Structure formats: C-alpha cells, structure tokens
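# Structural features, examined
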Amino acid sequence: MKSITIKEVVLHTINVSLKAPFTTSFGTIHTKDVCVVEVIDESGISGWGETVTSDEPYYNEETTHTAIYILKDFLIPRIIKKEITHPKEIYSMFSFVRRNQIAKAALETAMWDVYAKKNGKPLYAVLGGEKKKIAVGKSIGIQETPDHLVDKVGQYIDEGFQKIKVKIAPGADLDYISAIRESYPNIPLMADANSAYTLDHVDHLKELDKYQLMMIEQPLAHDDIIDHAILQKALRTPICLDESIHSYDDARKAIKLGSCQIINIKIGRVGGLQEAIRIHNLCKDHNIPVWCGGMLETGIGRAHNLHMTTLENFTLPGDTAPSSHYWEEDIVKPEITMNNGYIQVPDGLGIGFKIHKGKIDKVSIQTERIDSEKSPHPIPH
Ligand SMILES: O=C(O)CCC(=O)C1=CC=C[C@@H](O)[C@@H]1C(=O)O
Ligand SMILES: [Mg+2]
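The written sequence of each chain sets the order in which its residues are numbered from 1. Chains and ligands are labelled sequentially in the order written, the chains with letters from A and the ligands with numbers from 1. Reporting in this predicted model follows two pLDDT cut-offs: at least 70 for local features of residues, and 80 or more for side-chain atom pairs to be given and counted; totals over whole chains, interfaces and linings ignore these cut-offs and use all residues. As a convention, hydrogens and water are excluded, and side-chain values are obtained from all of the structure's heavy atoms.

The environment of ligand 1 is formed by 16 residues, the closest being Ser139, Asp192, Asn194, Leu296 and Tyr326. Polar contact criterion, stated in full: a pair of N or O atoms within 3.5 Å, where within protein one must be able to donate a hydrogen and the other to accept it, and residues adjacent in sequence count only if both atoms are side-chain atoms. Separating an oxygen atom of ligand 1 from a backbone N or O atom of Leu296 is a distance of 2.8 Å. Here Tyr326 contributes a side-chain N or O atom positioned 2.5 Å from an oxygen atom of ligand 1. A run of H or I in DSSP becomes a helix once it reaches four residues, and a run of E becomes a strand once it reaches two; helices and strands are each numbered from the N terminus. Sorting the residues of the shell around ligand 1 by element identifies strand E1 (4-24) and strand E7 (164-167) as the ones contributing at least two each. Proximity is defined per residue: any heavy atom of the residue falling within 4 Å of a molecule or strand makes that residue near it.

Before going further, it helps to examine the pairing of E1. Here E1 runs beside strand E4 (residues 83-84); their pairing, made up of two bridges, is antiparallel. When the sheet's bridge partners are listed, Ile4 is paired in E4 with Ile84. Where E1 lies against strand E2 (residues 27-41), 14 bridges are found, and the strand directions are antiparallel. Residue pairing in the sheet places Ile14 in a bridge with Val34 of E2. By the convention used here, strands pair only if DSSP detects at least 2 bridges between them. Counting the residues in the hairpin turn of E1 and E2 gives two residues. In this structure, E1 lies alongside strand E16 (residues 364-370), joined through six bridges in antiparallel fashion. Within E16, the position partnered with Thr13 by the bridge is Gln366.

Another point: the environment of Leu213. Residue placement: Leu213 occurs in the loop between helix H7 (202-206) and strand E9 (216-217). Apart from the residues within four sequence positions on either side, Leu213 is in contact with Ile177, Leu189, Ala191, Leu208, Thr237 and Pro238. Contacts are residue-level and defined by heavy atoms, with any inter-residue pair within 4.5 Å sufficient.

Secondary-structure assignment places His304 in helix H11 (residues 299-309). Judged by its relative accessible area of 2%, His304 is buried. With near-sequence residues (within four places) excluded, His304 lies in contact with Trp48, Gly49, Thr109, Asp113, Leu123, Ile267, Leu273 and Ile351. Any residue under 20% of the maximum accessible area for its type is buried, any over 50% is exposed, and the rest in between are partly exposed; the area is computed with a 1.4 Å probe on protein chains only.

Time to look at the packing of helix H5 (residues 146-159) against helix H6 (residues 174-183). Interaxial angles span 0 to 180 degrees and are taken between N-to-C directions of axes, which are lines fitted to C-alpha atoms, for helices over the stretch in contact. Between H5 and H6, the shortest axis-to-axis distance is 9 Å and the interhelical angle comes to 45°. Judged by the inter-axis angle, H5 sits oblique to H6. Crossing handedness for the pair H5 and H6: right-handed. Note on element contacts: H6 touches H5 through Asp175, Tyr176, Ala179, Ile180 and Ser183, opposite Pro146, Leu149, Val150 and Val153. For this classification, the nonpolar set comprises Ala, Val, Leu, Ile, Met, Phe, Trp, Tyr, Cys and Pro, the charged set comprises Asp, Glu, Lys and Arg, and every other residue, Gly included, is treated as polar. Class assignment for the residues of the contact of H5 with H6 results in seven nonpolar, one polar and one charged. Orientation labels follow simple angle bins: below 35 degrees gives roughly parallel, above 145 gives roughly antiparallel, 65 to 115 gives roughly perpendicular, and whatever is left gives oblique. Crossings are assigned a handedness: left-handed for a near helix turned anticlockwise from the far helix by less than a right angle, right-handed for a clockwise turn.

A few words now on the pattern of salt bridges. Criterion for a salt bridge: a side-chain nitrogen of Lys or Arg within 4 Å of a carboxyl oxygen of Asp or Glu. Considering all chains together, one arrives at 18 salt bridges under this definition. Here Asp319 and Lys163 are joined by a salt bridge, their closest N and O atoms 3.5 Å apart. Of the two residues, Asp319 sits in the loop between H11 and strand E13 (332-333) while Lys163 sits in the loop between H5 and E7, which places them 156 residues apart along the sequence. Note on accessibility: Asp319 and Lys163 belong to one class, buried. Arg252 is the partner of Asp249 in a salt bridge, and the nearest nitrogen-oxygen pair spans 3.2 Å. Residue Asp249 and its partner Arg252 are located together in helix H9 (residues 248-257), separated by three residues, close to a single helical turn. Taking relative accessible area as the criterion, Asp249 reaches 36% and is therefore assigned partly exposed. Ionic contacts of the salt-bridge type, sharing partners, join the residues Lys163, Lys165, Lys167, Asp192, Glu217 and Asp319 into one network.

On to the nonpolar core, then. Residues belong to one nonpolar core when they are buried, are Ala, Val, Leu, Ile, Met, Phe, Trp, Tyr or Cys, and are joined through side-chain atoms within 4.5 Å. Counting residues in each nonpolar core, the largest one holds 118 residues, and the members touching the most others are Val37, Val166 and Ile263. For this core, the element with the highest residue contribution is helix H3 (residues 101-118), accounting for 10 residues. Note that the domain bounds were set by an automatic or database domain assignment. Each of domain 1 (4-120 + 356-370) and domain 2 (125-352) accounts for three or more of the residues forming this core. Ranked by size, the runner-up nonpolar core spans six residues in total, among them Met190, Met215, Trp291 and Leu316.

Turning to the UniProt feature "binding site: Mg(2+)" (unreviewed entry) in the chain, a few remarks are in order. UniProt positions are given in the numbering used here, feature names are shortened, and annotations may be inferred rather than shown by experiment. The feature "binding site: Mg(2+)" (unreviewed entry), as annotated in UniProt, sits at Asp192, Glu217 and Asp242 in this numbering. The annotated residues occupy 51 residues of the chain but converge on a single region, no pair of C-alpha atoms lying more than 9.2 Å apart. Since its relative accessible area comes to 1%, Asp192 is described here as buried. Apart from residues lying up to four places away in sequence, Asp192 is in contact with Lys165, Val166, Lys167, Ile168, Glu217 and Gln218. Here the side chain of Asp192 touches Lys165 through a polar contact of 3.2 Å, side chain to side chain. With relative accessibility at 0%, the residue Asp242 sits in the buried group. The contacts of Asp242, once residues within four sequence positions are left out, are Tyr59, Glu217, Gln218, Asn264, Lys266 and Arg269.

Stacked, tilted and edge-to-face are the three classes applied to pairs of Phe, Tyr and Trp rings, where Trp contributes its six-membered ring and a pair requires centres within 6.5 Å; stacked means planes under 30 degrees apart, edge-to-face means over 60, and tilted covers the rest. Tallied over the full model, the rule gives four aromatic pairs. Ring plane angle 75° and centroid distance 6.3 Å describe the contact between Phe26 and Tyr59, whose orientation is recorded as edge-to-face. A residue pair is termed long-range when its members are at least 10 positions apart, and Phe26 in the loop between E1 and E2 and Tyr59 in the loop between strand E3 (46-50) and helix H1 (64-79) qualify at 33 residues. On the basis of relative accessible area, Tyr59 is assigned to the buried category, the value being 13%. Measuring from ring centre to ring centre gives 5.8 Å for Tyr156 and Phe161, while their planes differ by 85°; the resulting arrangement is edge-to-face. Comparing Tyr156 with Phe161 shows no difference in burial state: the two are buried.

And the structure:
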C-alpha cells in the first residue's frame, strides 16, 4: 500500500442549523459550528474529517473552538509534510497532546480517508469491515411530555428504525418509559441518561428492569467506571458506557471491573478510527457488543460512522439516522439515505461521498490553509 504525505490542510469552519432542535440533559442544540478538516496529499488527493464538538464544553472538555486551536497549533504541525506509512500510526503521533480526542479524530479520520483514496479502496475495506449495509437506530431528544415522546417513537418505528433511544433523567424516566412500553411493548428500546443519576438512585433505576430495555446508557458520572460496576451488579438491565470511555484503556478497565455489558463507540470521543478499532476488537474478545453513537454529525462524520459500523462486532443498530433527520441540505452528495431500516455502505473511494462545496461555501464562517509545520510551541518529533 502507498504511504501518504500531506502538503496542506484546509480548515473549513462552517455554521450549520439542525432541522429540529435536539435537547439532552446538557441543553438544546439548534445550530453548531463545525470545523471541516480537509487534508491534501502531495498528489492533490483530499481526505475529509470533521469536529463533532458543540459550541459548549458540556459533553466533554472540548468545544469546536478549542478543537481548532489544538488542530492548528499542535496536531497539524505534527503531521504536515511527514511521510505516513499507514493512518493507524497517527493516534500515537498525537500522544504528546493530552485528551482533546475530538480534535485528534477530526484530523485522523481525514487521513484515513485520503489513505483509502490514494490506495484505490473504500474506507470500510481499509478498516477491515465486511457489511454492505448497516442497521440504523434513532436517538430522540428529550420531549415535553410522555405523549409527545410516544408520538415520536411511533413515527420512527413506522419509518423503519431498528432501535429507539430516548433520553431519561430523574423526574422524566419511569412515566416516559412506561408510556412507550404501553404502546410498543416489544420494540428494541434503550435509554440514555447522560450521567443524570448517582448511586443514590440505585433502587429507582431498578424500577426500569421491568421494561426490558436493551440497555441504559451512561447513568452515572461522565468520568466514572467504578460506580458503574457497583450499579451494574444491582441492575438486570445492561449498562452501556458512552462518555466514560475515552480510550482503549478506559474500555479495558470497564470490562475488567464489570462496569458495562455494552459500549457505544464514538469515533470523536475516542480520538479517531484506530482507537475505535482497538476498542471494537477488545470488546469482541470479551463478548461485549458495540454500536456506533452519534454526535449530530454532518454527512462527513456520518460517512465515517457508516464505514466503521461495517466491522463485525457492531452488532447493534447505531445512532446513525440519515442526513434528512438533521439537515435541510447536507454537505455531502448524495445525501445519506435509509431504506427499510438500513443504510447502504458506499463502494466509492474513501468515505464514498462527494463534498458539496457549494453548501460549504454557503455556510462558511472561515477558511484557513496551513502548509507549514511551524508552530508557536515546541512540537516533539
Ligand atoms: O447524532 C445523533 O443522532 C445522536 C445524538 C445524541 O444522542 C447525543 C449526542 C451528543 C451527546 C449526547 O447528547 C447524545 C449521546 O449521549 O449520545
Ligand atoms: Mg450517550
């Protein structure tokens, strides 16, 4: 396989508006700034990635603007004009920067895309994935009343979604879940708590066991593994971790302690595709199923999610709804569509979608070209 050498990186910062506001326990997102990362190799091939941060540091410690700073001052200078034999090397090349996983992933995923294109392959083939279509779930933001939520669930079940994820928090959990189960006793249903509970809620959370949820996602603190192990022993419902798992080592410790029975893998949260593959393989070895979480991505991040989900142990539908659920107009062409609850994985080179440059220009805030390895900081080589 051919190596890659990046001659230039272009940061396209855009502002995109969701078709419908998305409410979680962190608040409501209507619009967000996205830094679309374009890496251009010496032969002029472009690879694409995106920051999956939002404008506030409520999901993790990053925002789109911290990510842009880390990209410009540290990560881009580390790789520009360096010959890279394989993108799996990039995550360790970034180890001199602590955390800042979403910034790392935005650049690392773009490198995987350009590497696949340069070697004439679809991204899934380079990742080692085999599925040609992936099962799709739908994550529903917090709704005002149980009735509103039941209506949304019915709408998405009718559309063919194979898993329904709803948000819960103290005071908006049992009545919402029981209302769904009254109308839809057998659908594949899960709840995401986004760290809204503590161990004081163990008896309350045990009430959820009677509703046959597939899992309860991230019930406790965003950076906890130990208390989740205590809670999992008390619950019949499998715990799934999201925010707690930033790396392979977090996953290794969570599995060792019995903190979860399922892991939601988000490429951005774990620093890129290479670390995501390592976590996938570790979970496979320990019979821990995984699924692909969503971060309200544009079509670029969504494309990376599709290709990652072709790996064997992604056995549960992800939060990977089609473009039309998020954007009036996506920044990729063709837009990502779903048919009977599945999304076809494209066979084109790399991510397999063209970039809609006209749309990027329409929503552009700033475009910065970087072609120098110079940084205002000492960068280890
Ligand atoms: O992208 C999607 O459709 C799912 C979005 C989603 O559920 C989330 C995005 C970002 C943080 C959280 O609020 C939540 C999650 O925890 O998965
Ligand atoms: Mg989550």
